[in-house]
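Next come the chains, spelled out residue by residue.
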Amino acid sequence: MLLLHGGTIRTLDAARPAAAALLLDGDRIAAVLDDPADAPRGAERFDLAGGCALPGFTDAHVHFPSWALSRRELALLGAQALAAAVARVAAAAPAGGWIRGRGWRDELWPDGERPHRSALDAVARDVPVALRAHDSHSLWLNSAALARAGGDLETPGGVVERDPDGEPTGILREEAAWRFEARFAPGRAEALDAMRAAMPAVAAAGVVAVHDKDGGKGAPELFAAAQLPLRVWQSVPADAASFEGGDYVKAFMDGTLGSRTARLLDGTGVQITSAEALEGLIRRAAEHGLPLAVHAIGDRANRDALDAFAATREAWRGLRPRIEHAQCVHPDDVPRFAELGVAASVQFTHATSDRDVAERLWADRIDHAYPYRSLLDAGAVVAGGSDAPIEPLDPLAGLRAAVLRTLDERPAWRPEQALPLDAALAAFTTAPAWLEGAEDRRGRLAPGLAADVTVLDRDPAADLPGARVAATMLAGEWLAP
């Protein structure tokens, strides 16, 4: 047996929220103690050194294979102008015959500057270049990369931007971007190597479980081959011929804020799936006993998704569906999440990283953007994720964004939407376990549940900004340090 003591134990268990010690027996929690002296004689001891033990973190929205591969790609985040982004491309060395990168945000570049194939051609004419936008819903290609497609760029639900002569500018959005990426993606061996190499970073973040969103990119097969020390709740795409290997089904209603493709009540944006089509997808998933998770960013997309869940409620009852992101929700629709039993699977760091763009592009609806506290107060289940590689795979950053509503020196942004610490912690522990139907197996520190533990170097209630992960345990085995 192993006794964790010498610090704070936050169990996230309503029946016993705090304790003085935690007793583990193999891969299970044996007891939660008010006094370490009550532990059996001979139990091995682990001194928390004033730190805090929590249930192991779950990232409820991560594109895991994509995130692992992105750690080896050219980083464009922080390039504040077209010239700065191009300069990084010019200095990059090709890998596997391509220059791949991610993170550009033209919405933050000076007015009038837009990505175009010609800018990349000037520094990389012969090597194909494929650069994902920060939100992963747009792709910037040079002429050599476009040539690989042989003119086959168009696809339903996609946008191919063209110049006045009808030539592609090098910008593909939504389904067009994803289809191109899928055709020219890194190979299986490269993806497996990247996933295995990324595991120390996962453990260092305190993460023991993920809800993966890369089901359409072969993730089930990759996870099966990689055999990682990680619990995985796996998505499969809604258009898959078979849902085999999946724990839930993933669909898309619209695009994103940064790509200007979020579907809004003013009629703008890109519709990927209509409310009527989503009804059919929900029913098909339910026939297989699977809940459906649907990406919805804009207020129209969220309303349509809620309408579809309302129309199919009898079909999916008990399956715990979710709306991913819920970034812009009309006040009339906020209470519908709880009324219907649809969870809000959100990424708190999107609010802190998108604040400037949201103020500019959603100025007329900013009062109902990123409404996390409103959803919580209305009774919705709120689960937390990162959307890595779009944001860092880092639950502590998510906790700070949820509670503090800022991750830099600026004051809190729309602080009325901040969450209490206990609700933010639940978003990364109990809520994801509930979505899996695993609330009686993990997500809390309680007798009989899995010995999944994240240890912080201090109590986040005393110092959330300064807290760091000190150790991570999965099923009774230490993963980090």
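Before reading further, recall that the structure is shown in the block above.
What counts and what doesn't
- Residues numbered from 1 in each chain as written.
- Predicted model: local features only at pLDDT ≥ 70, side-chain atom pairs only at ≥ 80, totals over all residues.
- Heavy atoms only, no water.
- Pairing = 2+ DSSP bridges.
- Helix = DSSP H or I, 4+ residues; strand = E, 2+ residues; numbered from the N terminus.
- Axes fitted to C-alpha atoms, helices over the stretch in contact; angles between N-to-C directions.
- Core = buried A, V, L, I, M, F, W, Y, C linked by side-chain atoms within 4.5 Å.
- Buried < 20%, exposed > 50% of the residue type's maximum accessible area, 1.4 Å probe, protein only.
- Contact = heavy atoms within 4.5 Å.
- Right-handed = clockwise from strand over helix to strand, strands pointing away.
- Salt bridge = Lys/Arg side-chain N within 4 Å of Asp/Glu carboxyl O.
- Expected span 1.5 Å × (residues − 1).
- Bend = angle between axes of the 7 residues up to and from the residue.
- Parallel < 35°, antiparallel > 145°, perpendicular 65-115°, else oblique.
- Left-handed = near helix turned anticlockwise from the far one by under 90°.
- Nonpolar A, V, L, I, M, F, W, Y, C, P; charged D, E, K, R; others polar.
- Arc of directions from axis to C-beta.

**Remarks on the sheet that holds strand E19 (residues 322-325)**
Spatially, the eight strands line up as an open sheet ordered E8-E15-E16-E17-E18-E19-E20-E21, and their pairing is parallel. The sheet is open, and its two borders are formed by strand E8 (57-62) and strand E21 (382-384), each paired with just one other strand. When the angles between neighbouring strand axes are averaged without regard to direction, this sheet yields 25 degrees. Pairing of E8 with strand E15 (residues 207-212), which is carried by four bridges, proceeds in the parallel orientation.

**Some remarks on the nonpolar core**
In terms of nonpolar packing, the biggest core is built from 68 residues, with Ile323, Phe337 and Phe348 touching the most fellow members. It is helix H15 (residues 421-427) that provides the largest number of residues to this core, a total of six residues. When neighbours within four sequence positions are excluded, Ile323 is seen to be in contact with Val294, Ala296, Asn302, Ala305, Leu306, Phe309, Phe337, Val342, Ala343, Ala344 and Ser345. Listed in part, the 23 residues of the second largest apolar core include Trp67, Ala191, Ala194 and Val202.

**Observations concerning the pairing of E19**
Where strand E18 (residues 292-296) lies against E19, four bridges are found, and the strand directions are parallel. Paired with His295 across the two strands is Glu324, which belongs to E19. Bridge count for E19 against strand E20 (residues 343-346) is three bridges, and the pairing is parallel. In the strand pairing of E20, Glu324 is matched with Ser345. The parallel pair E19 and E20 is bridged by helix H11 (residues 334-340), and the resulting crossover is right-handed.

**Some remarks on the sheet that holds strand E9 (residues 74-75)**
Taken in spatial order, the six strands of this open sheet run E9-E10-E11-E12-E14-E13, and their pairing is mixed. Edge positions in the sheet fall to E9 and strand E13 (158-162), since each of these pairs with one other strand and no more. Direction of pairing for strand E11 (residues 129-133) relative to strand E12 (residues 138-141): antiparallel, over a ladder of three bridges. Directly across from Arg132, in E12, lies its bridge partner Leu139. Helix H5 (residues 175-183) rests against E11, E12, E13 and strand E14 (168-174) of the sheet, and its axis sits at about 100 degrees to E14.

**Concerning the pattern of salt bridges**
If you walk through the whole model with that rule in mind, you get 36 salt bridges. Residue Arg28 is joined to Asp27 by a salt bridge in which the shortest nitrogen-to-oxygen separation is 3.8 Å. In this structure Asp27 comes out as partly exposed when scored by relative accessible area, which is 40%. The salt bridge partner of Asp193 is Arg72, with a shortest N-O separation of 2.7 Å. Remark: Arg72 occurs in the loop between helix H1 (64-70) and E9 and Asp193 occurs in helix H6 (residues 188-204); sequence separation between them is 121 residues. Members of the salt-bridge network, linked through shared partners, are Glu73, Arg102, Arg132 and Glu181.

**What about unusual backbone geometry?**
Across the junction of Ala388 and Pro389, the peptide omega takes the value 15 degrees, indicating a cis bond. With respect to the helices, strands and loops of the structure, Pro389 is situated in the loop between E21 and helix H14 (395-404). The phi angle at Arg414 is positive, at roughly 50 degrees, despite the residue not being glycine. Within the secondary structure, Arg414 is located in the loop between H14 and H15.

**Considering H6**
Owing to its 3.6 residues per turn, the α-helix brings residues three or four apart onto one side. Given a rise of 1.5 Å per residue, 17 residues ought to cover 24 Å, and the 25 Å separating the end C-alpha atoms of H6 matches this to within 8%. When the local axis directions of H6 are compared, the greatest deviation, roughly 35 degrees, occurs at Ala198, which is followed within four positions by the proline Pro200. For H6, the set of buried residues is Ala191, Leu192, Ala194, Met195, Ala198, Met199, Val202 and Ala203. In this structure, the buried side of H6 is in contact with H1, E15, helix H7 (219-226), strand E23 (469-474) and strand E24 (477-480). Downstream of H6 by a residue or two, Gly206 has a phi angle that is positive, lying close to 80 degrees.

**Observations concerning the packing of helix H12 (residues 348-361) against H14**
Contact geometry for H12 and H14: axes closest at 7 Å, N-to-C directions at 70 degrees. By the angle between their directions, the pair H12 and H14 is classed as roughly perpendicular. The two elements H12 and H14 meet at a crossing, and its hand is left-handed. For the pair H12 and H14, the contacting residues are Phe348, Thr349 and Thr352 in the first and Ala397, Gly398, Ala401 and Ala402 in the second. Here the residues of the contact of H12 with H14 sort into four nonpolar, three polar and no charged.

**Quick word on the packing of H6 against H7**
Look at H6 against H7: their axes get within 10 Å of each other, and the N-to-C directions meet at 60 degrees. By the angle class used here, H6 and H7 are oblique. In this structure, H6 meets H7 at a crossing whose hand is right-handed. Between H6 and H7, the contacting residues are Arg188, Ala191, Leu192, Met195 and Arg196 on the first element and Glu221, Leu222, Phe223, Ala225 and Ala226 on the second. Residue classes in the contact of H6 with H7 are distributed as seven nonpolar, no polar and three charged.

**Description of the pairing of strand E1 (residues 2-5)**
What you see with E1 is no split at all: Leu2 and Leu4 on one side and Leu3 and His5 on the other are buried throughout. Pairing between E1 and strand E6 (residues 44-47): four bridges, direction parallel. Within the sheet, the bridge partner assigned to His5 lies in E6 and is Asp47. Here three bridges tie E1 to strand E4 (residues 21-25), and the two strands are oriented antiparallel to one another.

**Digging into H7**
Those residues of H7 not exposed but buried are Ala219, Pro220, Leu222, Phe223 and Ala226. Buried residues of H7, viewed axially, fall in a sector of 165 degrees; they line one side. Close packing links the buried residues of H7 with H1, H6, E15 and strand E16 (231-237). Downstream of H7 by a residue or two, Gln227 has a phi angle that is positive, lying close to 55 degrees.

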